[in-house]
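Analysis of the macromolecular model
Now for the letters of each chain:
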Amino acid sequence: MGFGLPAAIGAAVAYPDRPVVCITGDGSIQMNMQEMMTADDLGLNVKVAIFKNGYLGMVRQWQQLFLGKRYSSVKISSPDFVALAKSFGAHGFRARTMDEAEQMIDLALHTDGLVIMEFDITEETNVYPIVPPGLSNQDMIVE
Ligand SMILES: Cc1ncc(C[n+]2csc(CCOP(=O)(O)OP(=O)(O)O)c2C)c(N)n1
Ligand SMILES: [Mg+2]
């Protein structure tokens, strides 16, 4: 967590003519989102896709599946990432449906410089497969 945006900046410095996409959660991006300043100042061609579910989702899913849904310290707030992008002088777009998401991705990939994409997604969608705590990959839950 927090590694994605700085890593994307490094990749874009190394390959300035290629689009670089950082795919991140709303919790993870908030660990280093101040580096939007670096990406914008250097004019880097970085696209950031933020999945905004309002949770530290992986931890929430563990608590849901293995700890009786006793949620602790997993609900998080976020800024308006579109407004945040614009406050840095970058481009910010938002999608709330699959159609909007497809259009937004197309627009982002055809827009130069730093582009922030906010995907507003369902709060408690789970991600599979997941390995229960203390068990091996043979015991993974696939759905
Ligand atoms: C630096 C760091 N701290 C804590 C963790 C433990 N951890 C793994 S996933 C996760 C939540 C990630 O939340 P988010 O970025 O919003 O992604 P989501 O799972 O909601 O898609 C946490 C706290 C980690 N991997 N790295
Ligand atoms: Mg999240």
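Below: a short report on this structure. Computed from a prediction, not measured in an experiment: that's the story for all the values here.

The next point concerns the pairing of strand E2 (residues 46-52). Consecutive side chains along a regular strand alternate between the two faces of the sheet. Most of E2 is tucked away: five of the seven residues are buried. In terms of strand pairing, strand E1 (residues 20-25) meets E2 through six bridges, oriented parallel. Within the sheet, the bridge partner assigned to Ile23 lies in E2 and is Ala49. Note that E2 and strand E4 (residues 115-120) share six bridges and pair parallel. Counted as the bridge partner of Val48 is Ile116 from E4.

This next bit is on the coordination of the magnesium ion (ligand 2). Bound to the magnesium ion (ligand 2) on the protein side are Asp26 (OD), Asn53 (OD1) and Tyr55 (O), at distances that span 2.1 to 2.2 Å. In primary-sequence terms, the residues that donate to the magnesium ion (ligand 2) follow D-x26-N-x1-Y. Of this pair, Asp26 sits in helix H2 (residues 26-29) while Tyr55 sits in the loop between E2 and helix H4 (57-66); the two residues are 29 residues apart in sequence, bridging distant segments of the chain.

Turning our attention to the pattern of salt bridges. Scanning the entire structure with this criterion turns up eight salt bridges. As a salt-bridge pair, Asp80 and Arg94 come within 2.7 Å of each other at their nearest N and O atoms. Taken together, the residues Asp80 in the loop between H4 and helix H5 (81-87) and Arg94 in strand E3 (residues 91-95) connect sequence positions 14 residues apart. Exposure remark for Arg94: the relative accessible area of 29% places this residue in the partly exposed category. One network of salt bridges, with partners in common, ties together Lys52, Asp80, Arg94, Arg96, Glu118 and Asp120.

On to helix H1 (residues 4-14), then. Listed in full, the buried residues belonging to H1 are Leu5, Ala8, Ile9 and Ala12. The buried side chains of H1 occupy one side of the element, clustering within an arc of 105° when seen end-on. Where H1 is buried, its residues touch E1, H2, helix H3 (36-41) and E2.

Procedures and definitions
- Residues numbered from 1 in each chain as written.
- Chains lettered and ligands numbered in written order.
- Predicted model: local features only at pLDDT ≥ 70, side-chain atom pairs only at ≥ 80, totals over all residues.
- Heavy atoms only, no water.
- Buried < 20%, exposed > 50% of the residue type's maximum accessible area, 1.4 Å probe, protein only.
- Helix = DSSP H or I, 4+ residues; strand = E, 2+ residues; numbered from the N terminus.
- Pairing = 2+ DSSP bridges.
- Donors = N, O, S within 2.8 Å, 3.2 Å for Na, K, Ca; no water.
- Salt bridge = Lys/Arg side-chain N within 4 Å of Asp/Glu carboxyl O.
- Arc of directions from axis to C-beta.
- Contact = heavy atoms within 4.5 Å.

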